[in-house]
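Remarks on the overall topology
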Amino acid sequence: MTIEVQRGTSLKRCGRPSRRGGTVLATHRWILTPWLFLLPGLAVIVLMVMVPFANTLGLAFTDSTLLRQGEFVGWENFQRMFADERFTTALLNSTLYTVCVVPCMVVLPLILATLVSGAGRLSGFFRTTMYLPVVMSPVVVGLIWTNMLDKQGLVNALFDTLHMVAEPVPFLSDRWLLLFSAMFVTVWTGLGYYMVIYLAALANIDQSLYDAAAMDGAGVVRTFLNVTVPGVRSTMTLIAVLSSVAAFRVFGEIYVLTGGTGGVGGGDLTMTMLIQREGTGLQARTGYAGAISLFMFVVLGGMLLVQLAVQRRQRSS
């Protein structure tokens, strides 16, 4: 009997820790499970974003080239950058690009989304049509508009047919005309993308607000300004942030329209084109390109902080 009781006691004593240990192991498994799902994405972010950023940060303070590792030079690259005329031109072009494109990206897709927000067949057709440029390759879009804006292209042929100009308009050779043509292409390409975002925001506006505005005798414009715009204000801020970053980092449109030259004499260079020109090729100055990239990162970070502060103030008010 004694032996059996001792055995039973020993079994009970052994059984309790096993259950507790099983509970602890199960808890650890539940804690680790989400990280296992996040691990592939985190690995991609670390390898493709964090490591290149750290490498660029280190290169910005060296005089390295493609064929030479270089030595630490401190702030010399940044001093050279602010004295470089090409950098001044690129910064001016990118800033002007952002100032002109962002208001169009915020306002025009909202108007377009309001017009096609119905449930009819024509609304679905126009939504699909406006979204087509989004799924097209930027290179294809650039080639289409390069042929259309050429001196022998469709636009100049139309102007000549209507007797609107005496000679072909130099859309692709004049510095400012080329820059504004690229802006037009950017807006044309992005309208459908931001329109879809606005359509999702418009679906969340209470229909009773429109009914109340109609009962008060508000017209289309007044309803748009007093009901639609306040209802999508946070979405407008989001689109302003996204379009600002995209506009300041513009590359494809300018590159294709200028054939990779940056315009006559490099007058239409943007920040990303200057980085690409300095950081590639056998004569690449990777340290200098890293300094420009770091400056661009700081500018974009400042823009995001300002816009987020504005958004926070709107929410608090």
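Residues numbered from 1 in each chain as written. Predicted model: local features only at pLDDT ≥ 70, side-chain atom pairs only at ≥ 80, totals over all residues. Heavy atoms only, no water.

In the predicted model, the chain carries a mean pLDDT of 85, and the fraction of residues at 70 or more is 90%. Mean pLDDT across the secondary structure elements of the chain bottoms out at helix α1 (residues 2-59), with 68, and peaks at helix α3 (residues 85-115), with 94. Segment residues 1-19 is flagged for pLDDT under 50; beyond a separation of four residues in sequence, or across chains, it makes zero contacts in the model. (pLDDT = per-residue confidence, 0-100. Helix = DSSP H or I, 4+ residues; strand = E, 2+ residues; numbered from the N terminus. Contact = heavy atoms within 4.5 Å.)

On to the packing of aromatic side chains. In this description, a pair of aromatic rings is defined by centroid distance and the angle of the planes. Across all of its chains, the model carries 13 aromatic pairs by this definition. On the numbers, 5.2 Å between centres and 75 degrees between planes, the contact of F87 with F295 is edge-to-face. Here the residue F87 occupies a position in helix α3, and F295 occupies one in helix α13 (residues 286-316), the gap between them amounting to 208 residues. Each member of the pair F87 and F295 is classed as buried. (Phe/Tyr/Trp six-rings, centres within 6.5 Å; stacked < 30°, edge-to-face > 60°. Buried < 20%, exposed > 50% of the residue type's maximum accessible area, 1.4 Å probe, protein only.)

A few words now on the pattern of salt bridges. One pass over the full model with this rule turns up five salt bridges. E76 is the salt-bridge partner of R80, the closest N and O atoms lying 3.5 Å from each other. Within this pair, R80 and its partner E76 are both found in helix α2 (residues 76-83), separated by four residues, close to a single helical turn. When the shortest N-O distance is used, the salt bridge between E278 and R86 registers 2.3 Å. Residue E278 is located in helix α12 (residues 271-279), and its partner R86 is located in helix α3; the two are separated by 192 residues in the primary sequence. On the basis of relative accessibility, which here comes to 29%, the residue R86 falls in the partly exposed class. (Salt bridge = Lys/Arg side-chain N within 4 Å of Asp/Glu carboxyl O.)

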